[in-house]
Each structure stands twice: as structure tokens, then as C-alpha cells.
Amino acid sequence: MSKTSESSERRKGFQFDIAKPHDMLPKSHWLREYYFKGAEREWNNEFTPFTTGTEWDLIWNELNYYIVPEVHMYIGNKGKGVFETSFRAIARPIELPDSFWKLSIPERRIIFFEHAILNYIPQEIISENDLIAGGRFNTQLSNCLNKKETKQFWKKTLKARQAHFKFHKSGFGNTGATGGHIIPDYETILNKGFKFLYKQAKERYERLSDKDKNGAKGGELRAMIRATEIPKKLAQKYAEECRQLKKNATPDRAEELEQMAKNLEKVPWEPAETFWQGLQAIWLTHMLIMTEESYPGAGTSFGRTDQHLWRLYKKDVMEEKNITKNFAKEILGSFWFHCNTAYDAMVRVGKQGITSGFGQLMTLSGCGPNGEDLTNELTYTILEVIDEWSPILEPKPNIRLHRNSPDKLLDILVDMVSRSQGAPFLINFDERSIAGMVREGISKEDAWDYACVGCLENTMQGNDRSGTVNCNPNLAKSIELTLWNGKNMPGNVVNGWTKDGERFGPKTGKPEKFETWEEFFNAWKQQIAFIIKYLVEVNNMTEEIRGTYLPTPYLSTFVRGCIEKGLDVRNGGPELRFITVEGVGYATTVDSLLAIKKLVYEDKKYTISEIKNALLEDFQGKDNTILQTVLKNKAPKYGNDTDMADELAREVMETWAEETWKYKSPTDFQYRPGMLSWNYWAGADAMLTPATPNGRNAGTYLSNAICPSDGVDKKGPTAVTNSVGKALGGKTEDGEYINYLPNGASHTITFNPSIIRDPEHKEKFKSYLRGYIENGGTCLQINMLDVDMLRDAQKHPENYENLLVRVTGYNAYFTAIGKELQNEIIARESHRM
């Protein structure tokens, strides 16, 4: 079907058009249709649990889910929760070697992983349309602890759980050591293969002293050596399956299967020599990370794929013409299909299990070491696949723009946005992002080669684990603590977890007695410092548990630094080690401070006591309603390019961000700042936050990441852009970018579709993007939405099953997210140009 006929097609009962896939090649079309059959498919990639068969065995790792408050109710005492008992009930026991329990934890875990993936999980080629091998990877693997270790693990875990739940229920946000969120060294796999890593690990082991060989390093390196051979063994099994299927295949399919077998006999053990081999090597390597971590795809990202595969694509498609461009797109289509099967983990709950929580991000385009543009023909080919497959969730594309980005690239991006509701990609901005990477200690000579994980989080490639969703403090809690002298606001109680007026923060004085704004702001600084310190103390408990009991030796083999140090990727191994503190409720905090500064200390229109009383009563009553109206409409607001407001926003940003750099984890990871927010601002954190001085009612949503509070950005998208750039630090007098958040900051903006209705308006939108490069933040997510369409989707969800919207750093199906989040998206300011 052509683009024109597709876009004009309206099904009966539809009031609005929604984005649809178009111009798909035959194999890709079949795979996409097959994927969306969901639970009706004869094949799927549901969780498969495996156990050692011991009575004390643990299969599900609850630490991964402390940052998901919706899951807390399913976590029971000592393995008695819903997930653990369910997985235990259906887990398959794995036959273990006699020496198993005499080995170190890393060796046990890699042997268990190897047996599961090679001997218990079937090797299948999904269909005659599939060109990439690697199917069932969603597992829940035993933690392989002995009885004594399990007892120690539970003692520490129960203490950590209590601390984490207390932290969350008290309104401070959430935190916990979580899997994924890393860009492994795929470039080495492509260019040198696991054979190189096997040799490297063996040589490093041989250099150990006898004492170290018998210690923790020896156990870790022996596990790594074994891990490097697993992809080769698995690839061989898939090659055998291809040749078995070849016997009954059509001639054309037999030729494909033979080439797939040859590919698998080479990669990922040897370097890739063709584009097809390159994609096969990346996929098989990638899916095994998800298997080992028992965590399907969350943030495990590909890095700069168009750069990594460019030489192979150029040789095969453009120079030697070994394959056509269309066939290269069909290979990419198979890759797309496999990425999306991560969601099969929850396939039987429908699209409630497909809300883009996994985030296998692919970074495209961007600058080189001297600011030159690195966009290539593979970049454009991948963008075609993204456009044709959309709406689809994985892999998540992130397009890097910079001052020298070509008009051709921007034209394509604007056209793609015009055909979507929630843009199928994120846009990263190099100059601001690179400034943040340099701020965290990366040299300028290296920082240009950054990429993004998960949603939008900036990291380096192949040698960096930055724990980009591990810590999510509710910054707005600092306002409550400041107003009540370090205590919870009276009445802000969660039964069994918090007490009325319970003290958490330091005594900074009763604000009613503060005579100046400086006194109030200094008190706030002490409370925000306390929140960061409290967060670190709680999170460190899970970092230590994970580093001690839950190593991942397979992943560690291709994260640079781990082999050389003989340390796990979770225990200080990577060359670059960070844990990111992702601030939540930033604009809520800034606007609350602005209201107090303006209305209490400058205009003296209200007293602190009057503000506090109105918050206690949640703005109920005539007088409080009037006060709320004034707070909302008369106080300055961040997001309108107002120097006074934006300067306070910058100072708030710098203050809390600098606090994070004071701390390290017991596993030698440095804390650093960022701003993502996931869905916490509209969900669990918001519900636990009382009324705030910006006029927000108790339990309603907070502000989203670095975005202004909903509805307050009245001066248009350029003003919002300028405010975001200033909040991150702006520029020096010499024009150098400043960025307080090396992780990056999520900025989601909604436009009315009319802004790109014709070529003239598309040119204006391109100009807006170039202006964002100069004055904006690190990352932009675009919604192109008609609010009336969203309201119609709420009334008639059956007509909008595939409507994707940008939530923050991720897309989600609008009809699958909760009503609260739907309403928040509808409430966002829809900009025109």
C-alpha cells in the first residue's frame, strides 16, 4: 500500500488517523504482523525459569525492581512473593556437575547459564522470513548461592528492602541497583570477536599469582574465560538448526539458511566480514546479556550502530554489491523483530506488558572528534527501516544532532515526525551533551564518541556502566522538609511506614522565623543535601549485595576494564564507573521556591504560615483557593525564558547536582547527576507528595524531568528551549557550553500537528531544531498530537490500539498506560510556531 493511500485510509469508527507502518518489504512485513499476534503466536519468548533444585534456591532478583514501586506489593518475605513463588513452581531443574558447589559464585553462575542456554533452551529459527538467529532469551536463572550464602543474602536483602521501602513510602523517591543500562563493547566483538577476548582473559589469568588464582580474581577470570566460549557454542547449535531446516526448504530459502549457517560458524567468535554477519554477531551477543541478567533488555543498548557497521554496509551494498539495499533492510527487519520479542516476557498480559520499559537504544549520526558530521548512507537506511516499521517500540533510535548536521538529515527527521504521533526517535544534541561528559572527567578527545542507553542517558561505549536508573530522588520532598524544619508535613502519613511529623532531615530552623530569602534558601540547600546523602546510603545497600552475590561474568568479558582488573562489571570492573542520580520533580521544586521568594520575601503578600496552612488543607476553602490561584498565576515560573526565574532554576540545578559528586558506592562507582524521571512524576512519587507552594494539589503529578510544570510555559517552544539551556548552565562568556548533568536531561515537548502542515512550516521546524542545538538542552522528545484525538482514544480505545505517544524518554501505547498518565499527556501545553 502506498504512503498516500495508507495515510488517507480511515477505518469505520475512526475520528482521527493514526500512524501506520508503510512500504514494508515482504519478510519485514510478515515478521511485524507475526509479532503483533502476541499471545496468539505459536512461538513466543516468555520467561523460562531454571533452578538448581535446592530447597533454598532463589530465582527472581527483587533488587532489580525496587525502582518499580508498582511491583512492591508482589515482593514477599524470604522468597514468598508472587513472582518468586510463581517462577519456583514452574522452574526446570538443571543437572549440575559434581564439583558445582565447590566453585566460586561467578563460576557457578556461568556454568548454570551455559547449561541453560545450550542444553535446555531450544535453538529455533522463527520462520522462513527470519534472517537472524537467536530466539528464546527471556529467562529467570537461579542465583546459584549455597545454603550459607543464601542465608547471608537474605539477611542483607531484608534489611535493604526495609530501608528502600521506607525511603519510597516516605516520599523521597525510589532507588535500587538495577540490571541493563549499558553499552557493551560491540565494536570489539565486530572487529575482533570473542576469540580475542578469550585469549585476553586467559593471558590475564596466567599473570595472576598463585594466591590470586585461588582467590576472588581467579574465580572471576576462570568464569570469564568460560563465558567467552559460550557464544561460539551457541552459534554452532544455531548453524546446525539452519542446516537441518535447509533439507526441506525451497531453493531460495535453502540458500539463505546455508548463508545463515556460515555466518554463525564465523561470528561472534571471529571478526565479522559482512554486514549480515555484523548484525548477527551483535544480536547473538546482545541477547545473551539479557539471558544472563534475567532482565529483558532494559537499557541494554547498541551504541553507534551506523558507525560500527558502516564499513561492512559500504563494502557489501555500495562497493562490491554482494547484497542489495533492500536485502540489507530485510536483515535489519529481522533484527527489529528480535529486539521487540523482549516484550514477550509479559506477552500474556497484552499491551500492559508492552509499555516500552526495556529501552534497547540505538544511537545514529552525530559528530566526529573535530565536530565533523558522521552521518552516512547506513544512517539513512536505518532511518528508512525505523519509519517503515513505526509504530514499534524497539530498538529505540536516538539521533545525534550538532552544528554541522546536514540539511538532508533534518529534512528526513522532520518528515518522519510529521507522519507520527509520538516521534519514533529521540534527538540528542552533541555540543551540550559532550560538555556534560567532559564535566564528569572524560577527555574531549574521547567524549565525542558518547552514545545513549535506555531512554536518553549519555554514557561512553564499551567501558562504562553508569547505573542510569538506579537512583530517582523526589526533589520536591526538599520543599516539605524545609517548610517543616526537617520533618514530614503533619498528616502526610503512610500507615506502617511513616509517622505524623516524623523527622528525617536536619534541623534548619522554623521558616516562620526566617527574615530573608537567603535564610530560607540556605535551609533548602541543607535539606536537598540531606536527601542526596540519604539516597546514597540506601542505594549502597543494594549495590553491595549485587556486587557480592550476583556477578555477571559473561557481560564482564566485553566491558573494557573488567578482564584486566579481574573484577565483575557489577563490582568495580569497568574503566568508567558511575551511578546516576535522576532528579524527579525539578520544575515543581523550582516553581515552589520562586513562589516563596516572590510572594513571601519580595512582595510580602503572604507569610510562610499562610502558605503552610494552605498546604496542610490542600488549598481547600475560599481563602486557600484564592491563594492557590495567586501561586499559580502571579508567581514567576520556570520555562518562559525569564532571567530571574531561570537563574534560580540554574542555581537549584547546580546545587543538587554538585551534591551527587560527593559520594561513591562500596563497589567503587562514582555518583553523578542526571534527569530522566521515567513515569514517577505522574505515578508513585506524585501520589506520595503533599501540596506544594507552586499551587499543585496533593497527589497530583509533579513536573516531568527538566520540563516546565504542565501548562505554565506560555511563551512558546523557543522560550522553553532557552530556559532548559540556562537551567543546565547556559554558556560561558567565551560561548562554551556548560552542562551540570553528564547523564543528560529528558525534555519532552508537544506540538500541534498543524505546525508542519506544509513546506514553509517544516522549514520553521528545522530552524527550531537548529536553535535547540545552540540554546537548548541535551535531549528532546517530540509529541505531535491533537488533544482531541487523545480524548477520543480515551473514549474509544479499541480504535487506537497502536497509538504511540512520547511519555518522557520513551514511547508507550496510549491506550495501555494508566488514566493518570494519559491525563498528564493531555494536560501538556500543545505548542504552535
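Structural data are supplied above this passage.
Criteria and thresholds
Residues numbered from 1 in each chain as written. Predicted model: local features only at pLDDT ≥ 70, side-chain atom pairs only at ≥ 80, totals over all residues. Heavy atoms only, no water. 1 Å grid on protein atoms, 1.4 Å probe; cavity = no way out; pocket = protein on both sides within 12 Å on 5 of 7 lines; lining within 4 Å. Points joined across faces, edges and corners; volume = space filled by probe spheres on them. Helix = DSSP H or I, 4+ residues; strand = E, 2+ residues; numbered from the N terminus. Salt bridge = Lys/Arg side-chain N within 4 Å of Asp/Glu carboxyl O. Buried < 20%, exposed > 50% of the residue type's maximum accessible area, 1.4 Å probe, protein only. Contact = heavy atoms within 4.5 Å.

S.K.: I'm lost on empty space enclosed by the protein in this one. Help?
M.R.: Overall, the coordinates contain 9 cavities of 30 Å³ or more when judged by the stated rule. The calculated volume of the largest cavity comes to roughly 370 Å³. If you go around the largest cavity, you meet 35 residues; those closest to its centre are I59, W60, N61, L141 and L550. Looking at the lining of the largest cavity, the elements with two or more residues in it are α4 (105-120), α5 (147-169) and α11 (275-293).

S.K.: Hey, could you run me through the pattern of salt bridges in this one?
M.R.: In a structure, side chains of opposite charge can pair up when their charged atoms sit close to one another. Per the stated rule, a full pass over the model turns up 57 salt bridges. Between E256 and K27 there is a salt bridge; the shortest N-O distance is 3.2 Å. Of the two residues, E256 is situated in helix α10 (residues 251-266) and K27 in helix α2 (residues 26-35); the sequence distance between them amounts to 229 residues. The pair formed by E256 and K27 is uniform in burial state, with each residue classed as buried. We note a salt bridge from K329 to E388, for which the minimum N-O separation is 2.9 Å. With a gap of 59 residues between them, K329 in helix α14 (residues 325-340) and E388 in helix α15 (residues 377-389) connect regions that are remote in the sequence.

S.K.: What's the story with the side chain of E149 in this structure? I'm lost.
M.R.: Tracing the backbone shows E149 in helix α5. Leaving out residues up to four positions away in the same chain, E149 has contacts with I105, R108, C144 and Y549.

S.K.: Teacher, can you tell me more about the environment of A614 here?
M.R.: Assignment of secondary structure puts A614 in helix α24 (residues 608-616). The exposure class assigned to A614 is buried, which follows from its relative accessible area of 0%. If we skip the residues at most four places from it in the chain, A614 touches F619, N624 and L627.

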